[in-house]
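Here is how the chains run, residue by residue.
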Amino acid sequence: MATFGDILQNIGEFGIFQKLIICALSFPNMILAFEFACVFFIQSDPERHCNTDWILKADANLTLDEQRNLTVPLEHDGSFSRCRMFVPVDWDIGTIRERGLNETTVCQNGWVYHSSLYTATIVTDFDLVCERANLLQVAQTVMMFGVLLGCLLFGPFAESFGRKRAAQIPLVVILVFTVTTALSPNYLLYLISQFLMGLGYGGFRLNGIILATEWIGSSKRSWGACATQLCGAVGQAILAGLIYFVRDWRTAQFITAALFAAIVSYIWFLPESARWLLERGRTEEAKELILKVAAINKRRFSDTLLEKIAVKEPEKKSNILMLIQSPVLRKYFFALLFTWFSLNVAYYCISFNVGNFGLDVFLTQLVFGLTEIPGHLLCVWLLEALGRRVSFLSTILTGGILCILILAFNQGNPVTVTVLATSGRLIVNWAATICNIYVQELFPTSCRQTASGLGSIASRAGGLIAPLVNMLAVFHWSIPIISFSGLTLVSGCLCFSLPETRGIELPDSFDEAERNRNKKATRKENNANIFEHQIN
């Protein structure tokens, strides 16, 4: 009986076909970075004062400075209040000048914004300031909740209907609701659109990586996840330039939608995962795909090997319960869940604070993206040179240490803080990439998508609470840093139990998955037995 690993070796583990499918599935991740434009590039506290045009009824010829002097109270430092105004009165302008106004209230007719970096942001369009300022974090949280739910829905969907459909449908969802986001006339419709866009975002990020990985042989499998992350890094760098030149969040959304329209036009030609087809017992469809891939890779596929492809009955859908019941796989599973959660808390806590490090926001975002590009290329090399386990542990612990070092420099040293935050974010993202690879390599085909989906849910839960963790800064600026750094370091300690999976074929059954844990130990034991037998 031939395994799918044997088939890949025969038709090419990383030929023209695999490179094409990686490019096709990685390019959307470059554009997905733009979806965060409307929540990353905002001024959380722009220069403003209350709209007090009511006084123009008393004198329409007032200058802006005169209007502000008469209607906006001063703070203790002598600046105009950003959140309060004098209560409107039905007096003539002479009486107002003579008697002055004393009673204050919150802004009643919106705000007037000035000295802004941007033409329009969600903060200025929806007035997310003063008592509504926390709604900015709500917007970030709602989007991340959509991403989480997308992982929850499209993970099981892919097990039943295939990797291909589970990657295609989310992209259509993203396209539609990117457009509705740009057209949102009010904050409520904006939230709904962001939630549904996040739904598609989570579904594609999960299933795109799986589809690519299942077509790649063990010697190049790390490219499946790393290429995705690499394109995401390029997208982060391009995002800085996009917002620098556009400066309007709605226009940026329309540009993003146009790019996704181009992606949707070709995504329907993607092939299904032959590994999944074989697992579902659809052997004839799998054989046709395998022959096509062999032709694209310019390899001759052995008819003898084709005859050895096992015809499988579809497995029962109790696989996730079987995973939990396995002591070995259960330990790995929960260690990876907690780690993925912790890494995303750290990543998004840093990312959502891009404008608060003290340096130019565009420069900081550009550095975020540019530093990740060589980082992910280095990740591919180290994964093959050092293996998964050493790379994983070293990146988690190093990232946690760099993040906690921010505590020593957060007061008045923006350059050092930016360097530490950028380095910590890069290495934490690197660790998350390895985490994604681990999930593919530790669990069998029958529950790989579900395990990845639950892992992605845990990771998106981390992104979901990141804005809430950042809100703890109102009590003390150090609390968010201590929280996400501590989680990262604890998860690094838990991952010492994970095995090495470099060069091991993806398991297709639970028995294979559990045996992979002990392959090296078994090999050593067999060698020792042979040696002992020779002595005797």
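Analysis parameters
- Residues numbered from 1 in each chain as written.
- Predicted model: local features only at pLDDT ≥ 70, side-chain atom pairs only at ≥ 80, totals over all residues.
- Heavy atoms only, no water.
- Disulfide = S-S within 2.5 Å.
- Helix = DSSP H or I, 4+ residues; strand = E, 2+ residues; numbered from the N terminus.
- Core = buried A, V, L, I, M, F, W, Y, C linked by side-chain atoms within 4.5 Å.
- Buried < 20%, exposed > 50% of the residue type's maximum accessible area, 1.4 Å probe, protein only.
- Contact = heavy atoms within 4.5 Å.
- Polar contact = N/O pair within 3.5 Å; in protein donor to acceptor, adjacent residues only side chain to side chain.
- Arc of directions from axis to C-beta.
- Salt bridge = Lys/Arg side-chain N within 4 Å of Asp/Glu carboxyl O.
- Expected span 1.5 Å × (residues − 1).
- Phe/Tyr/Trp six-rings, centres within 6.5 Å; stacked < 30°, edge-to-face > 60°.
- Lys NZ or Arg CZ within 6 Å of the ring centre and 35° of its normal.
- Axes fitted to C-alpha atoms, helices over the stretch in contact; angles between N-to-C directions.
- Parallel < 35°, antiparallel > 145°, perpendicular 65-115°, else oblique.
- Left-handed = near helix turned anticlockwise from the far one by under 90°.
- pLDDT = per-residue confidence, 0-100.

1. Focus on the state of the cysteines
- Applying the stated criterion across every chain yields a total of two disulfides.
- At a sulfur-sulfur separation of 1.7 Å, the disulfide partner of cysteine 50 is cysteine 107. For the disulfide bridge between cysteine 50 and cysteine 107, the dihedral angle about the S-S bond is near -65°, and by the sign convention the bridge is left-handed. With cysteine 50 in strand 1 (residues 48-50) and cysteine 107 in the loop between strand 3 (104-106) and strand 4 (111-113), the pair connects residues that are 57 residues apart, well separated along the chain.
- Here cysteine 83 connects covalently by a disulfide to cysteine 130, the sulfurs 2.0 Å from one another. Measuring the twist about the S-S bond at about -90°, one finds the cysteine 83-cysteine 130 disulfide to be left-handed. Here cysteine 130 lies in the loop between helix 6 (122-126) and helix 7 (135-161) and cysteine 83 lies in the loop between helix 4 (64-71) and strand 2 (84-86), a separation of 47 residues in the sequence.

2. Regarding the nonpolar core
- Within the largest apolar cluster, 115 residues are counted, with the highest numbers of intra-cluster contacts made by Trp215, Leu336, Phe392 and Phe443.
- Non-local contacts of leucine 336, meaning those with residues more than four positions away in its chain, are made with Phe392, Cys435, Tyr438, Val439, Leu442, Phe443 and Leu498.
- Counting 25 residues, the second-largest nonpolar core is a separate cluster that includes Trp54, Leu70, Ile96 and Leu101.

3. Some thoughts on the side chain of arginine 48
- The topology assignment puts arginine 48 in strand 1.
- Since its relative accessible area comes to 4%, arginine 48 is described here as buried.
- Polar contacts involving the side chain of arginine 48 include one to the main-chain carbonyl oxygen of proline 46, which spans 2.8 Å.

4. Concerning the environment of glutamate 131
- Along the chain, glutamate 131 falls in the loop between helix 6 and helix 7.
- As for glutamate 131 and valine 106, which are separated by 25 residues in sequence, their C-alpha atoms are 9.1 Å apart.

5. Comments concerning helix 1 (residues 4-11)
- Taken residue by residue, helix 1 has Phe4, Gly5, Ile7, Leu8 and Ile11 as its buried positions. Buried residues of helix 1, seen end-on, are gathered within an arc of 155° and therefore sit on one face of the element.
- One or two steps after helix 1, the chain reaches glycine 12, where phi turns positive at roughly 110°.

6. Description of the pattern of salt bridges
- Tallying each qualifying case throughout the model produces seven salt bridges.
- Close ionic contact of arginine 68 with aspartate 65 constitutes a salt bridge, the shortest N to O distance being 3.1 Å. Of this pair, arginine 68 and aspartate 65 both sit in helix 4, three residues apart, which is roughly one turn of that helix.
- Relative accessible area serves as the criterion here: at 17%, arginine 68 is assigned to the buried category.
- Linking glutamate 214 and arginine 163 is a salt bridge whose minimum nitrogen-to-oxygen distance equals 2.8 Å. One end of the pair, glutamate 214, is in the loop between helix 9 (187-213) and helix 10 (222-246); the other, arginine 163, is in helix 8 (residues 163-183), and 51 residues separate them in sequence.

7. Some thoughts on helix 19 (residues 414-442)
- Across its 29 residues, helix 19 extends 41 Å between first and last C-alpha, which sits within 8% of the 42 Å expected from 1.5 Å per residue.
- Most of helix 19 sits inside the fold, with 24 of its 29 residues counted as buried.

8. Considerations on the packing of aromatic side chains
- Across all of its chains, the model carries 14 aromatic pairs by this definition.
- A network of ring pairs unites the aromatic residues Phe126, Tyr187, Tyr190 and Trp249 as a single cluster.
- Here arginine 99 stacks its cationic end above the ring of tryptophan 91, 4.5 Å away from the centre of that ring.
- Taking NZ or CZ as reference, arginine 247 lies 4.8 Å from the ring centre of tyrosine 244, over its face.

9. A short note on the packing of helix 9 against helix 10
- Axis separation between helix 9 and helix 10 bottoms out at 8 Å; the angle between their running directions is 135°. It follows that helix 9 is oblique to helix 10 by the angle criterion. Once helix 9 is placed against helix 10, the crossing between them reads as right-handed. Here helix 9 contributes Arg205, Ile209 and Thr213 to the contact with helix 10, which in turn contributes Gly224, Ala225, Thr228 and Gln229.

10. Section: the confidence of the model for the protein chain
- Taken over all residues, the pLDDT of the protein chain has a mean of 82, while the share at 70 or more is 89%.
- In this model residues 313-318 is a low-confidence stretch, pLDDT under 50, and it forms eight contacts with partners more than four residues away in sequence or in other chains.
- Predicted confidence for residues 520-536 stays below pLDDT 50, and this span has one contact to residues more than four positions away or in other chains.

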